[in-house]
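Given next are the chains, with one letter for each unit.
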Amino acid sequence: TLEVIKENKIIPKCIAVKDAVGAVEIPEACPVCKAATRIHTSASGTKTLHCTNPDCVAKNVKKFSRFVSRNAMDIDGLSIQTVLKFINDGYIREYADIYSLSQHFPEISQMERFGEKSCENMNKAIEKSRDVHPVNFIYALCIPMIGIDAAKKIVNAVGFDGFLERMEQGTGFEDIDGIGGEKSNSILGWYHNATNKEGLMHLLEVVRVQKVEKKNTEGGVCKGFTFVITGDVHHFKNRDAFKAYVESEGGKVAGSVSGKTSYLVNNDVESTSSKNKKAKDLGVPIISEDTFLELFGKQE
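Residues numbered from 1 in each chain as written. Predicted model: local features only at pLDDT ≥ 70, side-chain atom pairs only at ≥ 80, totals over all residues. Heavy atoms only, no water.

1. Structural notes on helix α9 (residues 239-248)
To keep it simple, the criterion reads: When accessible area is computed with a 1.4 Å probe and restricted to protein chains, residues below 20% of their type maximum are described as buried, those above 50% as exposed, and intermediate ones as partly exposed. Secondary structure elements are taken from DSSP: a helix is a run of H or I of four residues or more, a strand is a run of E of two residues or more, and numbering for both begins at the N terminus. Contacts were defined at the residue level, with two residues in contact if any of their heavy atoms lie within 4.5 Å. Polar contact criterion, stated in full: a pair of N or O atoms within 3.5 Å, where within protein one must be able to donate a hydrogen and the other to accept it, and residues adjacent in sequence count only if both atoms are side-chain atoms.
Among the residues of α9, those classed as buried are Phe242, Lys243, Tyr245, Val246 and Glu247. Buried positions along α9 lie against α6 (148-169), β7 (226-229), β8 (252-254), β9 (263-265) and α11 (289-296). Where α9 begins, the capping side chain belongs to Asn238, and its oxygen is found 3.1 Å from the backbone nitrogen of Asp240. Phi for Gly250, located one or two positions after α9, is positive at around 85°.

2. Things to note about the environment of Phe227
In this fold, Phe227 is placed in strand β7. Residue classification places Phe227 among the buried positions, given a relative accessible area of 0%. Considering only alpha carbons, one finds Phe227 and Lys252, 25 residues apart in sequence, at a separation of 6.2 Å.

3. Concerning the nonpolar core
Note the cut-off: For our purposes a nonpolar core is just a set of buried Ala, Val, Leu, Ile, Met, Phe, Trp, Tyr and Cys residues, chained together by side-chain atoms within 4.5 Å.
Ranked by internal contacts, the top residues of the largest apolar core, which has 61 residues, are Phe67, Ile75, Ile98, Leu101, Phe137 and Phe163. Elements supplying a minimum of two residues to this core: α1 (61-67), α2 (80-88), α3 (105-108), α4 (116-128), α5 (134-140), α6, α7 (180-191) and α8 (194-204). Considering each element in turn, this core owes the most residues, 8 residues, to α6. Sequence-distant contacts of Ile75, that is, excluding residues within four places in its chain, are made with Phe67, Val68, Ile98, Tyr99, Ala125, Ile126 and Ser129. Core analysis: the second largest hydrophobic core is formed by 13 residues, Phe227, Val233, Tyr245 and Val246 among them.

4. Here we look at the sheet that holds strand β10 (residues 286-287)
For clarity, the cut-off: In short, DSSP must find at least two bridges between two strands for them to pair. Each axis is a line fitted through C-alpha atoms, and for a helix only the stretch in contact is used; angles between axes span 0 to 180 degrees, taken between their N-to-C directions.
The 4 strands are arranged β8-β7-β9-β10 in an open sheet whose pairing can be described as parallel. Each end of this open sheet is capped by a strand with a single partner; those strands are β8 and β10. Of the pairings in the sheet, the one linking β7 to β9 comprises 3 bridges and is parallel in character. Residue pairing for β9: Val228 is matched across the bridge by Leu264. The sheet strands contacting α9 are β7, β8 and β9, and the helix crosses β7 at an angle near 175°. Docked against the sheet, α11 engages β7, β9 and β10, running at close to 130° with respect to β9.

5. Focus on the packing of α6 against α7
This is how the line gets drawn: Working rule for angles: under 35 degrees goes down as roughly parallel, over 145 as roughly antiparallel, 65 to 115 as roughly perpendicular, anything else as oblique. Handedness of each helix crossing follows the sense of rotation of the near helix against the far helix: counterclockwise by less than a right angle gives left-handed, clockwise gives right-handed. Gly falls in the polar group here, along with every residue not listed as nonpolar (Ala, Val, Leu, Ile, Met, Phe, Trp, Tyr, Cys, Pro) or charged (Asp, Glu, Lys, Arg).
For the pair α6 and α7, the least separation of the axes is 11 Å and the interaxial angle reads 40°. Taken together, the axis directions place α6 and α7 in an arrangement best described as oblique. The two elements α6 and α7 cross, and the hand of that crossing is right-handed. Judged by residue contacts, Ile154, Phe163, Arg166, Met167 and Glu168 of α6 engage Ile187, Leu188 and Tyr191 from α7. Each residue belonging to the contact of α6 with α7 can be placed in one class, and the counts come to 6 nonpolar, no polar and 2 charged.

6. Re the pairing of β7
To be explicit about the condition: Here the term right-handed applies to a crossover when the path leading from its first strand over the helix to its second strand runs clockwise, the strands being oriented away from the viewer.
Here β7 shows no split at all, with Thr226 and Val228 on one side and Phe227 and Ile229 on the other all buried. Bridge count for β7 against β8 is 3 bridges, and the pairing is parallel. Within the sheet, the bridge partner assigned to Val228 lies in β8 and is Ala254. Assessed by its sense of winding, the connection that carries the chain from β7 through α9 to β8 is right-handed.

7. What about the confidence of the model for the chain?
Inclusion rule: The quantity called pLDDT is the predictor's confidence in a given residue, expressed from 0 to 100.
Per-residue confidence for the chain gives a mean pLDDT of 86; residues scoring 70 or more make up 89%. Considering each helix and strand of the chain separately, the mean pLDDT is smallest for strand β1 (residues 5-6), with a value of 38, and largest for β9, with 97. Overall, residues 1-22 carries pLDDT values under 50, and its contacts beyond four positions in sequence, including any with other chains, amount to 44 contacts.

8. Some details on the pattern of salt bridges
Note the cut-off: By salt bridge we mean one thing: a side-chain nitrogen of Lys or Arg within 4 Å of a carboxyl oxygen of Asp or Glu.
Going through the model one piece at a time under the given rule, you end up with 11 salt bridges. The partner of Lys117 in a salt bridge is Glu120, with the nearest N and O atoms 4.0 Å apart. Of the two residues, Lys117 and Glu120 are both situated in helix α4; the distance of 3 residues between them amounts to about one turn of the helix. By relative accessible area, Lys117 is classed as exposed at 52%. The exposure class assigned to Glu120 is partly exposed, which follows from its relative accessible area of 38%. One salt bridge in this structure joins Arg130 and Glu127, with 2.9 Å as the shortest N-O distance. Judged by its relative accessible area of 13%, Arg130 is buried.

9. Re the side chain of His50
Within the secondary structure layout, His50 lies in strand β4 (residues 47-51). For His50, the side chain forms a polar contact with the side chain of Thr48, separated by 2.8 Å.

As structure tokens, then:
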């Protein structure tokens, strides 16, 4: 929440801001989005200043943190502190504005802790991020309830074009395994917000979403099986790579052992870990990574 504003800066967790002579200044409009402000009085009597616009970019600054993060657009070096400063200075109002920051570099290069080299590095990172995988792009949009895993399921099932078409047509995504009605409604609700839809259209004008074919997992070797993967892995780069292989072959990866688990994969099959104990109690087979590859590895 935008609580107190002074000199076009967002200052959270303050009750009031006084000028040099001690008078309290109460701005009537938010300096970022220009919407009206209001004073909110809590039950304890504390008064805070709020912007009344729920879509104010300053109130949604955490979304920008996710947008530039490694799992999203991966804009290296563009910290959330820097983004916040550019928001306050009026350079950024929506995601797409990041891709036109270069027009402000003459002013930015004169700022404290910035310079021509900093602007050059920032520009390289921004330009590099223009080519983005659809999974990372969908995650970057900050749609409620839609993380990396959900984005993967959507792209694998219907592709990125299908994602856009279904949102536009309002047909939903509940038929996709692992999405369901709640997440589907979240996506459609997000898209039918005019601000979100307009922001998406602007963003698609300045980035290039990579063409990725939807995956046909009908005949995958893992289809019909649910795995839990725990401990260190040796053949795969990491557990995420292991999970990606299982999903690419039509299988599922769960985080905990249950009666629906087909196999627990643990290279220490004799471990006394809680997952091994639960698997034994439920009669779930515990196999090593080597055994998994013997059973479910692609035969050359």
